[in-house]
Number of protein chains: 4
Amino acid sequence: MNRVKVAVLGASGYSGAELAGIIFGHPYAELTFLGAESSAGQKFSDFYPSLKHIQPGVFESVNIEELKGRAQAVFLALPHTKSMEIAPALLEAGLKVIDLSGDFRLKNPAVYEKWYKTKHSAPELLEEAVYGMPEFNSEKIAQARLVANPGCYPTCVDLALWPLVSLGLVEKDTLVVDAKSGVSGAGRKLSATTQFMQVDSDFCAYKAGGVHQHIPEMEQVLSLAAGNEILLGFTPHLLPVKRGILATSTAKLLRVCETEDLIEQYKKIYSNACFVRITGPGELPSLKSVVYTPWCEIGLCVDKRCQRVVVVSCLDNLLKGAASQAVQNFNLMYGFKENSGLEGLSPAV
Amino acid sequence: MNRVKVAVLGASGYSGAELAGIIFGHPYAELTFLGAESSAGQKFSDFYPSLKHIQPGVFESVNIEELKGRAQAVFLALPHTKSMEIAPALLEAGLKVIDLSGDFRLKNPAVYEKWYKTKHSAPELLEEAVYGMPEFNSEKIAQARLVANPGCYPTCVDLALWPLVSLGLVEKDTLVVDAKSGVSGAGRKLSATTQFMQVDSDFCAYKAGGVHQHIPEMEQVLSLAAGNEILLGFTPHLLPVKRGILATSTAKLLRVCETEDLIEQYKKIYSNACFVRITGPGELPSLKSVVYTPWCEIGLCVDKRCQRVVVVSCLDNLLKGAASQAVQNFNLMYGFKENSGLEGLSPAV
Amino acid sequence: MNRVKVAVLGASGYSGAELAGIIFGHPYAELTFLGAESSAGQKFSDFYPSLKHIQPGVFESVNIEELKGRAQAVFLALPHTKSMEIAPALLEAGLKVIDLSGDFRLKNPAVYEKWYKTKHSAPELLEEAVYGMPEFNSEKIAQARLVANPGCYPTCVDLALWPLVSLGLVEKDTLVVDAKSGVSGAGRKLSATTQFMQVDSDFCAYKAGGVHQHIPEMEQVLSLAAGNEILLGFTPHLLPVKRGILATSTAKLLRVCETEDLIEQYKKIYSNACFVRITGPGELPSLKSVVYTPWCEIGLCVDKRCQRVVVVSCLDNLLKGAASQAVQNFNLMYGFKENSGLEGLSPAV
Amino acid sequence: MNRVKVAVLGASGYSGAELAGIIFGHPYAELTFLGAESSAGQKFSDFYPSLKHIQPGVFESVNIEELKGRAQAVFLALPHTKSMEIAPALLEAGLKVIDLSGDFRLKNPAVYEKWYKTKHSAPELLEEAVYGMPEFNSEKIAQARLVANPGCYPTCVDLALWPLVSLGLVEKDTLVVDAKSGVSGAGRKLSATTQFMQVDSDFCAYKAGGVHQHIPEMEQVLSLAAGNEILLGFTPHLLPVKRGILATSTAKLLRVCETEDLIEQYKKIYSNACFVRITGPGELPSLKSVVYTPWCEIGLCVDKRCQRVVVVSCLDNLLKGAASQAVQNFNLMYGFKENSGLEGLSPAV
C-alpha cells in the first residue's frame with residue numbers, strides 16, 4: 001500500500017511539531033512537507049531538538065501549486081484566520097484538509113466574528129466542514145474533505161459533559177466548568193506571561209467572566225447534544241506544567257443519581273471510543289494518566305448534599321487536544337484503523 | 001517591654017516550623033519551646049535547614065508543668081484530635097492557646113464528629129473558642145483565651161465569599177468553589193501521593209463530591225454571614241507547587257451587577273484589613289502575588305452571559321492560611337499591632 | 001514470524017514499567033509476564049495509570065517452571081542482589097536474560113563486593129555476562145545468553161569519555177565528572193528525600209567524595225578503552241526533574257586540540273550508533289533533547305585557557321540509561337533491527 | 001536616629017526589586033527612589049505584585065540633581081556599562097554608591113575590556129572601588145565611597161575556594177568548578193531561552209569552555225588569596241528553578257587531608273562571618289537551605305581515591321549573590337550591625 005503523502009503547515013508551533021513527529025512515525029503516512037512561513041529555511045531541529053531525526057528537516061514556505069505535487073493531505077496547525085485564508089485553495093487543489101485552528105469549528109459566521117473579533121473569509125465552507133470529534137462524528141469524518149479539529153478545552157469539556165446533557169440529567173443553566181491548562185496551550189510565541197520566572201510555582205485564572213473564545217464551540221456541541229441552548233460558566237487557568245488540561249465540571253442533577261450508575265452510562269456511551277477511558281468509582285483522573293498519550297480520561301462522582309455531579313476530565317492538550325486527535329481524523333478519512341500511528345505514545349511516568 | 005514567651009507545639013510540621021521562624025523574629029515575642037513528641041531530641045535544623053539559626057534548636061516533648069514556667073502563649077500546630085486532648089490542660093495552667101487544627105473551629109460537636117469521624121473530647125470549650133478570622137472577629141479575638149485559627153481553604157474561600165453572601169447578592173444554592181492547593185497542604189508525613197515523581201508536572205482533583213473536612217467550616221462562616229444555611233459545592237485539587245492556595249468561586253447573581261461596583265464593595269469591606277488586598281478591574285490575583293507573604297488577594301468579575309460572579313482568591317496556605325494568621329491572632333490577643341513580626345515577609349519573585 | 005515471548009521481572013519499578021510499555025508495543029515481541037513479588041495480584045495500572053491499556057495487566061510472582069512455558073527472554077529490572085539470585089536458574093531453564101541491575105556488570109567479584117557491600121552469589125557467570133553497550137559490543141551481545149545492561153550514569157559518562165581515552169587525548173588522572181540525575185533515578189521506593197516538598201525547586205549533590213557504586217563500572221569501561229587504569233572524580237547530583245541525566249566531564253588535554261576536530265572524531269566513532277548524536281560546534285545538548293526518547297546526545301568544547309576539554313552528555317535515565325538500551329540489546333540478541341520498537345518515542349516538547 | 005535615604009536604580013530588575021523590598025523593611029534605611037529608565041511612570045507592583053505594599057510605588061527616571069536631594073546612598077542594580085556611566089556623577093554629587101554590576105569589580109581595565117567586550121569608561125575609579133565581600137574586606141568596605149558588589153557565581157565560588165587556595169592546600173592548575181544557577185540569574189529581559197516551555201524539566205550547560213564573564217572576577221580573588229595566578233575551569237549550567245546557585249568545586253590536594261580537618265579550618269576562617277555556614281561531616285548543602293535567605297552554605301569532603309577535595313557551596317543568587325550582600329555592604333558602610341534588615345528572611349520550606 002502506498003503511504004499517504006502529508007504536509008504539515010504551521011510545523012514550527014507546538015501542535016504542528018507534535019503532528020510532524022507522529023506523521024513521521026505513522027505506518028501509512030509519509031511526511032513530505034513542513035510549512036512555516038516566518039521560519040522558512042530554518043532547521044526543524046533547531047526548534048525541536050528531540051526530533052532531530054525526522055525528515056524533511058527544514059521549514060519551507062507554502063506554494064499551493066508545489067504542495068499539490070507533494071501532498072495528498074494537509075494538516076493546518078496555523079493560527080486562526082490563517083487557516084481560512086488558505087483552506088479554500090487547498091481544497092480547490094484537490095487536497096484533503098484537517099484544520100487545527102478555530103476557523104471552521106463554528107457553524108454560524110456571526111458567532112465566529114463575535115468571539116474571534118474578525119470577519120470570516122470563507123463562510124461558504126462552514127457547512128461542509130465536519131467537526132472532527134471521532135467519538136460522535138466518525139461517519140461524517142470518513143466522508144469529509146475538510147475537518148475542523150476540535151479545540152483543546154472543548155475536547156476535554158465536551159467529552160466530559162456530552163453524556164450528561166444528551167441524557168437530560170442536569171439543569172441546563174447550572175453548568176460550571178473550571179479548566180486548567182499547561183503552558184503549551186499558550187503557543188510558542190515569546191511572551192512575558194509565559195516566562196519561566198512568571199509561571200514556575202505559580203497558578204492563576206485568566207480570561208475569566210465568560211470571554212474565552214472556546215466557549216461558543218463548547219456551547220455549540222453541548223446545545224446540539226441537549227437539543228436546546230446551553231450556556232456555560234467557564235473559567236480557564238494556567239498550570240505550571242508544560243502539557244495537559246484538566247477540567248472540573250459540575251452541574252445540578254435533575255434527579256437523584258448514583259455515582260456508579262452514571263459511570264456505567266458513560267462507559268456504555270464511550271464503549272467504542274478509541275481513546276476515551278472512564279475511571280471506576282472512587283478514582284479520579286490526573287494529568288499523569290494522559291500527558292504524552294492520545295487518551296482522554298474521565299471520572300465522575302455525585303455530591304449528594306448539593307445534588308451536584310462533578311465530572312473530572314483530562315487529556316494532553318497537544319495530543320488528544322490537538323495533534324493525535326487530528327491523526328484520528330486523518331485515519332478515519334483514509335479508512336485506516338483509527339489508532340494507527342498513535343499506539344506507541346505512552347511513557348510510564 | 002518584656003517579650004511574651006511563646007511555645008510552638010507540633011513544630012516539626014510545616015505550619016509549626018513557619019510559626020517558629022516567625023516567632024523567632026517577632027519583636028515582641030520570645031520563642032522558648034519547640035514541641036514535637038515523636039521527634040523529641042532531634043535538631044530542628046535537620047528538618048528545616050534554612051532555619052539553622054533559630055533558637056531553641058532542639059525538639060522537646062511536652063510536659064505541661066514545665067511549659068507553665070517557660071511559656072505564656074502556646075501555638076498548637078498539631079493534627080486534629082491532638083489539640084483537643086491538650087488544650088484544656090493548657091488553659092487550666094493559665095496559658096493562652098492559639099490552635100491551628102480543626103478541633104475548635106466548629107461550634108456544633110455533632111458536626112465535628114460527622115466530618116472528622118471522631119468524638120469531640122472537649123466540647124465544653126467550643127462555645128468559648130473564638131474563631132480567629134481577624135477581618136471579622138478582632139474584638140472577640142482580643143479577649144480570647146482560646147483561638148481557633150481558621151483552616152487554609154476556609155480562609156481563602158470565606159474571605160472571597162463573605163461579602164457576596166452577607167450583602168445578599170447571590171442565589172444561595174449556586175455557590176460552586178473549585179480550590180487548588182500546593183503540596184505543603186498535605187503535611188509533612190511521608191506518603192506515596194506526595195512523592196516528587198507523583199506530583200511533578202501533574203494535577204488532579206481529590207476528595208471530590210462534597211467530602212472534604214473543611215466544608216462544614218466554610219458553611220458555618222458563610223451561613224452566619226448570610227443569615228441562613230449555605231451549602232457549598234467544593235472540589236479541592238492538588239497543584240504541583242510547594243505553597244499556595246487559589247480558589248475560584250462562582251455563584252448566580254440575584255440581580256445585574258457591574259464588576260466595578262462589586263470591587264468597590266469588597267474594598268470597603270476590607271478597608272481595615274491588615275493583609276487582604278482587592279485587585280482592580282481586569283486584574284486577577286495569582287499565587288506569585290501571595291506565596292511567602294502574609295497576604296490574601298482577591299479579584300472579581302461578572303460573567304454577564306450567565307449572570308454569574310467569579311471570585312478568585314489566593315494566599316499562602318502556610319502563612320495567611322496558617323502561621324501568619326495565627327500570629328495576627330496572637331498580636332490581637334496581646335494588644336500588639338496586628339502586623340507585628342509579619343512585615344519582612346515578601347520576596348519579589 | 002512468531003513474536004518472542006518476553007517477561008519483565010521487577011515491572012513495578014520505573015525501568016520495569018517503561019520496559020513493559022515498550023515491549024507491549026514492540027513489533028517482534030509479545031509481553032507475557034509482569035513480575036513483581038511484593039505487588040503480586042495488584043493491577044499494573046494502579047501503579048502506572050498512563051499504561052492502563054497494556055496486557056497483561058496484573059503483577060504476578062515468579063515461578064521459574066511456569067516462566068519457562070511463558071517466556072523466551074527475561075528482562076530483570078530488579079534491585080541488585082535479586083538479579084544474581086535468580087539469573088542462574090533462568091539461564092538453566094534455557095531463557096535469555098537481560099539484567100538491568102548492577103549484578104553482572106563488574107568482571108571482578110572482589111570489586112563488586114567492595115562497592116555493593118555484599119558477596120556475589122553467582123561469580124561463575126561474570127565472565128560469560130556480556131556488557132550491553134551496543135555501541136562497542138554489538139557482536140558479543142548478539143551471541144549472548146546473559147547481558148548486563150549498563151547503569152544510567154555509566155552509559156552517559158562512558159559514551160562521553162570513551163573516545164577521549166581510547167584516542168589517548170587526555171591526562172588520565174585529570175578526569176572530573178559532575179553528573180546530574182532526575183528523581184526517577186532514585187527508584188520508586190517511598191523516601192523522605194524524594195518527597196515533592198524536598199525536591200521541588202531544590203538541587204543538591206549526594207554521595208560525593210568517590211563513593212557512588214557506579215564509579216567502578218565507569219572505570220572498568222574507561223580503563224579498558226585507555227589500556228591502563230583510570231580513576232574518576234565523580235560527583236552525582238539530584239535535579240528537580242522526573243527524568244534525565246546530564247553529565248559534564250572535563251579533562252586536561254595532552255596536546256592542543258580544536259573543538260571542531262574533536263567533534264569530527266566523535267562523529268566518526270559513533271557513525272554507526274543507532275541512538276548517539278553529536279551536536280555541532282557551539283551547540284550543547286540539554287535534557288529536553290533526549291527525555292522521553294532513546295537517544296544519548298553529546299556536545300564538546302575546548303577551554304584553551306586551561307587546555308581542558310569539556311564534554312556534555314545527556315540521556316533519559318529510564319530509556320537510554322535503562323529500558324530502551326535493554327531493548328537495543330534484546331534486538332541484537334534476536335537479530336532484529338537494533339531500533340525495533342524504539343522509533344515512536346519522541347515528543348516534540 | 002535618622003534613617004539613611006536610599007535610592008535603588010534598576011529597580012525593575014530582579015536584584016533591584018529584591019533590594020527595594022529589603023530596604024523598605026530596613027530599620028535604619030528609608031527607600032526614597034525607584035529608578036528604571038525604560039519603565040519610568042509605571043507601577044512597581046505591576047512588575048512585582050507580591051510587593052504591592054511598598055513605597056514609593058512608581059518607577060522614576062534618574063536625574064542626578066534631584067537624586068542629590070532625595071538620597072544619601074544609591075544602589076546600582078543596572079546592567080554593566082550603565083553603572084560606569086552614572087557612578088562618577090553620583091560620587092561627585094556626594095552620594096555613596098553600591099554597584100551590583102560587573103563594572104567596578106575588576107582592577108585591570110584591560111581585563112574588563114577583554115571579557116565584557118567594551119571599553120571601560122571610568123577606569124580612574126577602579127582603584128578606589130572596594131570589592132564588597134564582607135567576609136574578607138569589611139574594614140575597607142566601612143571606609144568606601146564606592147563598593148563593587150561581587151557577582152553571584154563569584155560569591156558562591158570564592159567563598160568555597162578561598163580557604164583552600166589561601167591555605168595552599170591544592171594544586172593550583174587543577175581547580176574545576178561546575179556551577180548551576182536558577183533562571184533569575186538570566187535577568188528579567190524577555191528571551192526564548194527562559195520561556196517556561198524551554199526551561200521546565202530541562203537542564204543544560206551554557207557558556208562552556210572558559211567564556212563566562214565571571215571567570216576573571218573569580219580568578220582575581222583567588223589569585224590574590226593564593227599569592228599567584230589561578231586559572232579556573234568553569235562550566236555554568238541552567239537549573240529549572242527560579243532562585244539559587246550551587247557550585248561543585250574540586251581540586252587535587254597537595255597532601256593527604258581529612259574531611260573533618262578541612263571542615264574545622266573552614267569553620268575557623270568563617271567564624272566571624274554573618275551569613276556563611278559550614279555543614280558538618282557527611283552533610284552537603286542544598287538550595288533549599290539557602291533560597292529566600294541571606295546565607296551561603298558550604299560543605300566539604302575528600303575523595304581519597306583521587307586525592308581530590310570536593311567543595312559544595314550554595315546561596316540565593318538574588319540575595320547573598322546580589323541584594324542581601326549589597327545590604328551587608330551598606331550596613332558596614334554606615335556602621336550598622338552587618339545583618340540589619342536581613343534577619344526576617346527565611347521561610348521554613
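Calculation rules
Residues numbered from 1 in each chain as written. Chains lettered and ligands numbered in written order. Predicted model: local features only at pLDDT ≥ 70, side-chain atom pairs only at ≥ 80, totals over all residues. Heavy atoms only, no water. Helix = DSSP H or I, 4+ residues; strand = E, 2+ residues; numbered from the N terminus. Buried < 20%, exposed > 50% of the residue type's maximum accessible area, 1.4 Å probe, protein only. Polar contact = N/O pair within 3.5 Å; in protein donor to acceptor, adjacent residues only side chain to side chain. Contact = heavy atoms within 4.5 Å. Least-squares fit on C-alpha atoms with pLDDT ≥ 70 in both. Buried area = accessible area lost by both parts, 1.4 Å probe. Salt bridge = Lys/Arg side-chain N within 4 Å of Asp/Glu carboxyl O. Pairing = 2+ DSSP bridges. Axes fitted to C-alpha atoms, helices over the stretch in contact; angles between N-to-C directions. Parallel < 35°, antiparallel > 145°, perpendicular 65-115°, else oblique. Nonpolar A, V, L, I, M, F, W, Y, C, P; charged D, E, K, R; others polar. Phe/Tyr/Trp six-rings, centres within 6.5 Å; stacked < 30°, edge-to-face > 60°.

Enquirer: Looking at this structure, I do not really get the side chain of Asp178(A). What am I missing?
Expert: Residue placement: Asp178(A) occurs in strand S7 (residues 176-181). For Asp178(A), a relative accessible area of 4% corresponds to the buried category. Within the structure, Asp178(A) has its side chain in polar contact with the side chain of His237(A) (distance 3.5 Å). Those residues in contact with Asp178(A) that lie beyond four places of it in its chain are Thr235(A), His237(A), Leu246(A), Ala247(A), Thr248(A), Asp178(B), Lys180(B) and Thr248(B).

Enquirer: Explain the relation of the copies chain A and chain B here, please?
Expert: Here two copies of a chain appear, and what relates them is a rotation about an axis with a shift along it. Least-squares fitting of chain A to chain B yields an RMSD of 0.0 Å, with the transformation described by 0.0 Å of translation along the axis and a rotation of 180 degrees. What the superposition gives is, in effect, a two-fold axis relating one chain to the other. Mapped onto chain B, 100% of the interface residues of chain A are again interface residues, and the two copies thus contact each other with one and the same surface.

Enquirer: Before we go on, may I ask you to explain the interface of chain C and chain A in this structure?
Expert: One frequent convention defines the size of an interface as the accessible area lost when the parts assemble. Contacts between the two partners involve 27 residues from chain C and, on the opposite side, 27 residues from chain A. At the boundary of chain C with chain A, total buried surface from both sides reaches about 2,400 Å², with 58% on carbon and sulfur atoms. It is Ser50(C), Ala348(C) and Val349(C) in chain C that bury the most area against chain A; as a group they hold 27% of the surface buried on that side. Here Lys52(C) and Glu297(A) are joined by a salt bridge, their closest N and O atoms 2.8 Å apart. Here chain C is connected to chain A by 13 residue pairs in polar contact (both at pLDDT 80 or more). Looking at which element gives the most residues to the side of chain C that touches chain A, the answer is helix H1 (residues 14-24) of chain C, with 3 residues.

Enquirer: Can you help me understand the relation of the copies chain C and chain A in this one?
Expert: The transformation that overlays chain C on chain A combines an axial shift of 0.0 Å with a rotation of 180 degrees, and the residual RMSD is 0.0 Å. When you check the interface residues of chain C against chain A, 100% turn up at the interface there too, and the contact is symmetric in its surfaces.

Enquirer: Quick question: what am I supposed to make of the interface of chain A and chain B here?
Expert: With 45 residues of chain A at the interface, the matching set in chain B holds 45 residues. Between chain A and chain B, the buried area comes to about 3,500 Å², and carbon and sulfur atoms account for 61% of it. Looking at the side of chain A facing chain B, the largest losses of area belong to Phe203(A), Lys288(A) and Arg305(A), adding up to 19% of the total buried there. Taken together, the connections running from chain A to chain B amount to 8 salt bridges. For Arg305(A), the salt bridge identified is with Glu219(B), shortest N-O distance 2.5 Å. At the boundary of chain A with chain B, the tally comes to 16 residue pairs in polar contact (both at pLDDT 80 or more). Of all elements in the fold, only S7, helix H8 (196-199), strand S8 (204-205), helix H9 (215-226), strand S9 (233-238), strand S10 (245-252), strand S12 (296-303) and strand S13 (308-315) of chain A reach the threshold of two or more residues within the side of chain A that touches chain B. With 4 residues, S10(A) is the single largest residue contributor to the side of chain A that touches chain B.

Enquirer: It is not clear to me how the sheet that holds strand S5 (residues 130-131) of chain D should be interpreted in this structure. Could you clarify?
Expert: In a beta sheet, neighbouring strands are held together by backbone hydrogen bonds and run either parallel or antiparallel to one another. Residue and element names in this part refer to chain D. Within the open sheet, the 6 strands sit side by side as S2-S1-S3-S4-S6-S5. Their pairing is parallel. Two strands bound the open sheet, and with one partner strand each, they are strand S2 (29-35) and S5. As paired strands, strand S1 (residues 4-9) and S2 are joined by 6 bridges and run parallel to one another. Bridge pairing in S2 places Lys5 opposite Glu30. Where helix H1 (residues 14-24) meets the sheet, its contacts fall on S1, S2 and strand S3 (73-76), and the angle it forms with S2 comes to roughly 150 degrees.

Enquirer: Mind showing me how you'd approach the packing of helix H7 (residues 152-166) of chain B against helix H10 (residues 259-269) of chain B here?
Expert: When two helices pack together, their arrangement is given by the angle between their axes and by how far apart the axes lie. Residue and element names in this part refer to chain B. In the contact formed by H7 and H10, the axes pass within 10 Å of each other and the chain directions differ by 110 degrees. Considering their axes alone, H7 and H10 lie roughly perpendicular with respect to each other. Contacts between H7 and H10 involve Leu159, Ala160, Leu161, Pro163 and Leu164 from the first element and Leu262, Tyr266 and Ile269 from the second. Residues belonging to the contact of H7 with H10 are distributed by class as follows: 8 nonpolar, no polar and no charged.

Enquirer: What am I meant to see in the pairing of strand S12 (residues 296-303) of chain B here?
Expert: Side-chain positions along a regular strand alternate between the two faces of the sheet. Residues and elements named next belong to chain B. The buried count for S12 comes to 8 of 8 residues, which makes it a mostly enclosed element. On S12, burial covers both faces: Cys296, Ile298, Leu300 and Val302 on one face and Glu297, Gly299, Cys301 and Asp303 on the other are all buried. Bridge count between strand S11 (residues 276-278) and S12: 3 bridges; the pairing is parallel. Bridging from a neighbouring strand, Val276 pairs with Cys296 of S12. The pairing of S12 with strand S13 (residues 308-315) spans 8 bridges and is classified as antiparallel. In the strand pairing of S13, Glu297 is matched with Cys314.

Enquirer: Help me understand the environment of Gly35(C) in this model?
Expert: Along the chain, the position of Gly35(C) falls in strand S2 (residues 29-35). For Gly35(C), a relative accessible area of 0% translates into the label buried.

Enquirer: Sorry, what's going on with the packing of aromatic side chains here?
Expert: Within the structure shown, the criterion is met by 70 aromatic pairs over all chains. Here Phe196(A) and Phe196(D) contribute two aromatic rings whose centre-to-centre distance is 5.8 Å and whose plane-to-plane angle is 15 degrees, an arrangement assigned as stacked. Of this pair, Phe196(A) sits in helix H8 while Phe196(D) sits in helix H8 (residues 196-199), placing the two residues on different chains. Phe196(A) sits in the buried class, given a relative accessible area of 0%.

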